[in-house]
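Architecture at a glance
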Amino acid sequence: MVGWRVAVLCWWVSCGAAAGQLEYSVLEESEQGVTVGNIAVDLKLSAAALSLRNFRFLSSHSESYFGVDLGSGSLVVREPADRERLCGTKAACILTYELMFEGPLELHKMRVHILDSNDNSPFFPAGDVQLHIPEFLTPGARFTLPNAQDADEGSNGVLSYSLSPSQHFRLDMGSRMDGSKYPELVLEKALDREQRDTHLLVLTAQDGGWPARSGDAQVTIIVVDTNDNAPVFEHSVYSTKVPETVPNGTVLVQVQASDLDEGANGEVWYSLSNSTLAELRHLFHVHPKSGEVQVAASLGPPETLLEVYVEARDEGALSMASTTKLLVEVTDVNDHAPQMDFITFSSSVSEDAAPGTVIALLSVKDEDLGSNGKVTCTMSSKGPFHLKASFDSYYSLLIGGPLDREQASEYQVLITASDGGSPPLSTQRILTVSVADVNDNTPSFSQPQQELYVAENNGPGTSLGCVFAQDPDLGENGLVLYELLDEISEGRPASSLVAVEPSSGAIIAKTSFDFEQLRNFHFQVEGRDGGIPPRSATVAINLFVVDRNDNAPNILFPLPRNGSIPVEIVPRSARAGHLVTKVVAEDADSGSNAWLSYHISQASDSSLFRISVSMGELRMARLVFPTDAVRQRVVVVVQDHGDPPLSSSVILGVLLSNSAPQVFPDFEDTWEPRGQLSSQNLYLVIALACISFLFLGCLLLFVCIKLSQSPDCCSQSCCHCPENVRHERTIASNPYMTSATIGVTTIERLSQTYLYRASLGLGSGNNSLLLHGEYRAADLRDLTTGVGLNLPISCVQIRNGKGDHTDVIAMVSKFEEV
């Protein structure tokens, strides 16, 4: 017995290995702890690998009949399995399990065959049998006996029948059209009710197991003397197919039986035979008169073949009956949608995940049978994913191409499981797959080079501009920080000129720029993200310093020599256009700030000279008149075109002489250039002159009144003609006069003096005396000495002496009353 089991086990294992799956077999009702096989050995794995690879034993059965010992890898019995309860009358009883390993993911299928053992004895569902046999029946008459049932399979369920010894009866086996056999009681010898009205026989059913098991039913034969014909069915076997969802009351088939007897002995009534299993009786209803077999309750799971026996019995006093078999095949209806279960699922996938990476592992199943339970899975998604069938009902969702979070950060994957029914049923699940960011993008500047402009003389800390780099990555991978790459530009390190704000990319000046010293320089700024490893890019910056008008024109010629005004000699015979000199200047600025123009701002005689605006050439504007002064002074202004414009000036002395003098005259004297008065200035001069004359008149009147009070004063001593200027001592003896100053100024033009002005200070007030006339130098000296009358003269200045005419300023200091 043990050798037979080992042989069967080895046969199943070898078949499983050849088929790419593990297959084992075990006898039903095996005790707990019995070893069925070793999974680790059959998979060529070590026992420790089961724990290391997170081994999972998957089962679709509610009871855990088997388990795996992780220490040894053995498949052991956890709970005894009753084959008849699990599989009923099926020829093969197989339990299917899945074995899953991780790291890497592996799935193996295991099937365990539950082998039948002869643990069930045959039994007769109908129990004891009672037959009424008319006495007039001739030998050879046959009577159907009920079949016995045995829940075992194979030879354990094959039955043989035997009958207890009897001289009137023997046992024979009848056959139906479907090949099934049934016991029949054959009359061997005619019965005689008067001799014996009852016969007790024992019908024994024995199976083919070892040791054999048997079951008995008592057959009681009552000998009657009426109704010698039993009803006969048209068919010994009726068969029909019905869907599992057939409603109650549906007619499955109508059986017909005929009885050759007449009257009540030939009237047939139909009913379920006692040979029908008790658990099937409530499923059907037989109409007693018509023979219609109707559904009375749900017929149970599909793919089930139900055997029902219908009896036809006549109405004779000693009724006779016959039975027929009704085979009802329950067919499957597509009334279950597929079920989808996810074993593993990764909702977040790195964007650098390689194609073929498993995102999810799912299993599908359908409780329907046949094509109705055959499930196929499809996938719909805009992302690079595809669904791959692993084996049987398992599918893997894989990455089919490169992922890019910057293009799509999330995908919706629709998985549809559809069965093969008509119409098909389906189940849908939507998976949301998020793409995790990696640092796969380098910061990028909009342009490889940028140009910045800054006006010179800027203050330190001035913002020069900003650089910006884009990085489409997320978080730290997309956070760009900026750094100045220190380079030597124009002989100076870039870090000494500018600084870069790390977070904003703002470029800030660290010093003030001077266009005349540094016109442009270049440097580089690096943008680096915060990824690991970081990525970076650079941008070249060209910084141009914009000129400002911060330099006034510099006059190169003519220049003062030894602090004196430069002098040019022009012959008096010079004609208009004669070149006096050329003013040469330069400007350190550039552009319009360095464009120079030349103008005459002041001149002794503005009509005598003109200058080229662009060239700076000073020329004679007309002929020299005899009345023109020998000394001429010209102020030339050189002005640039900046905003605002800056200018410089140079004073030129022009000597109108046909020959060069041995000693150049002094051009430093303070003199007023002749100019044109405006109407407004003319009105002011006239007003001042009127006020001055009025004041001088009042002053003169006051002096005369004071002098008239003195006996030594002559009435004509206040005014004298220029030829006889005499001043009396009595002037100084006036007690009211504490100080006096006489100023005489001659304003001459070459040879003629035409205006003299004198001022006197009396007491605490001031009075002015204006004298008109021409005075010679000797007269002026007599005036300064004669008027004094023992008054000390503090200062006498004579300027521009020429001939007998001169400019005199005489100052008389304090004198007191005698």
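1. Thoughts on the overall build of the chain
Counting secondary structure elements, the chain contains seven helices and 57 strands. Buried positions account for 39% of the 818 residues belonging to the chain. Sequence separation of at least 24 residues holds for 65% of the intrachain contacts in the chain that already meet a minimum separation of 6.

2. Comments concerning the pattern of salt bridges
Tallied over the full model, the rule gives 17 salt bridges. With a closest N to O distance of 3.4 Å, R111 and E23 form a salt bridge. With R111 in strand β7 (residues 106–115) and E23 in strand β1 (residues 22–27), this residue pair connects regions lying 88 residues apart in the sequence. For R170, the salt bridge identified is with D172, shortest N-O distance 3.9 Å. According to the relative accessible area criterion, R170 is partly exposed, its value standing at 35%. Put simply, R142, R170, D172, E184 and E188 are held in one network by salt bridges that share partners.

3. Quick look at the sheet that holds strand β42 (residues 536–546)
Pairing within the open sheet is mixed, and its four strands lie in the order β33-β42-β41-β36. With partners counted over all chains shown, the strands left at the sheet margins are β33 (449–455) and β36 (480–485), one partner each. Between one strand axis and the next, the sheet turns by 30° as a mean value, whatever way the strands run. Of the pairings in the sheet, the one linking strand β41 (residues 520–529) to β42 comprises nine bridges and is antiparallel in character. Following the sheet pairing, F523 is matched in β42 by I541.

4. Considering the sheet that holds β1
The four strands are arranged β1-β7-β6-β3 in an open sheet whose pairing can be described as mixed. Two strands in the sheet have a free side with no partner beyond their single neighbour: β1 and β3 (56–59). Between one strand axis and the next, the sheet turns by 25° as a mean value, whatever way the strands run.

5. Overview of the pairing of β1
Of all six residues in β1, six are buried, a share of seventy percent or more. Alternating residues of β1 divide into L22, Y24 and V26 and E23, S25 and L27, and every residue in both groups is buried. Direction of pairing for β1 relative to β7: parallel, over a ladder of six bridges. From the neighbouring strand, L22 faces β7, where its bridge partner is M110.

6. What to know about the state of the cysteines
Applying the stated criterion across every chain, the model contains one disulfide. The disulfide partner of C87 is C93, and the S-S distance across this bridge is 1.9 Å. Across the S-S bond of C87 and C93 the torsion is about 65°, and the bridge reads as right-handed. Side by side, C87 and C93 carry an identical accessibility label, which is buried.

7. Description of the confidence of the model for the chain
Here the chain shows a mean pLDDT of 79. Residues at 70 or above account for 82%. Confidence drops under pLDDT 50 across residues 1–19; counting only partners more than four residues distant or on other chains, this segment forms 18 contacts.

8. Some points on the side chain of S657
Tracing the sequence through the fold places S657 in the loop between β51 (647–656) and α6 (679–708). Ignoring sequence-local partners within four residues, the contact set of S657 consists of I569, V570, P571 and R572.

9. Points about a nonpolar patch on the surface
Together, L556, F557 and V584 make up a nonpolar patch on the protein surface, roughly 230 Å² of accessible area in all. Within the fold, L556 resides in strand β43 (residues 554–557).

10. Comments concerning the environment of V613
Relative to the elements of secondary structure, V613 occurs in the loop between β48 (609–611) and β49 (617–620). The class of V613 is partly exposed, set by a relative accessible area of 45%. Sequence-wise, V613 and Y598 are 15 residues apart; in three dimensions their C-alpha atoms are separated by 4.6 Å. Aside from chain neighbours lying at most four places away, what touches V613 is L596, S597, Y598 and H599.

11. With respect to the packing of aromatic side chains
In this structure the tally under the stated criterion is eleven aromatic pairs. With a centroid separation of 6.2 Å and 85° between ring planes, the pair formed by F66 and Y97 is classed as edge-to-face. One end of the pair, F66, is in strand β4 (residues 66–69); the other, Y97, is in strand β6 (residues 94–101), with 31 residues separating them in the sequence. Take F66 and Y97: they sit in the same class, and that class is buried. Pairing F385 with Y411 gives two aromatic rings, centres 5.4 Å apart and planes at 80°, and the pair type is edge-to-face. Of this pair, F385 sits in strand β28 (residues 385–389) while Y411 sits in strand β30 (residues 410–419), and the two are 26 residues apart along the sequence. Residue classification places Y411 among the buried residues on the basis of a relative accessible area of 12%. Against the face of W269 rests K289, its NZ or CZ located 4.4 Å from the ring centre.

12. Comments concerning unusual backbone geometry
Across the junction of G103 and P104, the peptide omega takes the value -5°, indicating a cis bond. Tracing the sequence through the fold places P104 in the loop between β6 and β7. The backbone phi angle of N54 is positive, close to 50°, even though this residue is not glycine. Along the chain, N54 falls in the loop between α3 (48–52) and β3. The phi torsion at N457 lies on the positive side, around 65°, for a residue other than glycine. In this fold, N457 is placed in the loop between β33 and β34 (463–466). On the accessibility criterion, N457 (38% relative accessible area) is partly exposed.

13. Things to note about the environment of D314
Inspection of the secondary structure puts D314 in strand β22 (residues 304–314). Of the residues examined, D314 reaches a relative accessible area of 2% and is grouped as buried. If sequence neighbours within four positions are ignored, D314 has contacts with N227, N229, A230, P231, D259, D261, A264, N265, E267, V268, S319 and M320. In terms of polar contacts, D314 uses its side chain to reach the backbone amide nitrogen of G316, at 3.4 Å. Of the polar contacts made by the side chain of D314, one reaches the backbone nitrogen of M320; its length is 2.6 Å.

14. Topic: the side chain of E184
Topologically, E184 is positioned in strand β12 (residues 181–187). A polar contact is formed between the side chain of E184 and the side chain of R142, at a distance of 2.7 Å. For E184, the residues in contact, after removing those within four places along its chain, are R142, F143, T144, L145, R170, L171, D172 and G174.

Calculation rules
- Residue positions are counted from 1 within each chain, in the order its sequence is given.
- Side-chain atom pairs in this predicted model are given and counted only at pLDDT of 80 or more, local residue features only at pLDDT of at least 70, and totals for whole chains, interfaces and linings cover all residues.
- In computing side-chain properties, one takes all heavy atoms of the structure into account and sets aside hydrogens as well as water.
- To qualify as a helix, a DSSP run of H or I must reach at least 4 residues; to qualify as a strand, a run of E must reach at least 2; elements of each kind are numbered from the N terminus.
- Partly exposed describes any residue whose relative accessible area lies between the buried limit of under 20% and the exposed limit of over 50%, with all areas from a 1.4 Å probe on protein chains only and scaled to the type maximum.
- Contacts: residue pairs with any heavy atoms within 4.5 Å of one another.
- Counted as salt bridges are all cases of a side-chain nitrogen of Lys or Arg within 4 Å of a carboxyl oxygen of Asp or Glu.
- Should DSSP find at least two bridges between two strands, the strands are taken to pair.
- Note on definitions: angles span 0 to 180 degrees between N-to-C directions of axes, and those axes are lines fitted to C-alpha atoms, for helices only across the stretch in contact.
- Pairs of cysteine sulfur atoms within 2.5 Å are what we label disulfides.
- Each residue gets a pLDDT score, which is the predictor's confidence in that residue and runs from 0 to 100.
- The patches described consist of residues with a relative accessible area above 30% and no salt bridge, like charges being joined within 9 Å and nonpolar side chains (Val, Leu, Ile, Met, Phe, Trp, Tyr) within 5 Å.
- Note that accessible areas follow from Shrake-Rupley with a 1.4 Å probe, and for residues the cover is restricted to the protein chains shown.
- The pairing test for Phe, Tyr and Trp rings, Trp by its six-membered ring, is centres within 6.5 Å, and the orientation test on the planes gives stacked under 30 degrees, edge-to-face over 60, and tilted for anything in between.
- For a ring to carry a charge above it, either NZ of a lysine or CZ of an arginine must fall within 6 Å of the ring centroid while also lying within 35 degrees of the normal to the ring plane.
- Any pair of nitrogen or oxygen atoms within 3.5 Å is treated as a polar contact; in protein, a donor-acceptor pairing is required on top of that, and neighbouring residues in sequence qualify only through side-chain atoms on both sides.

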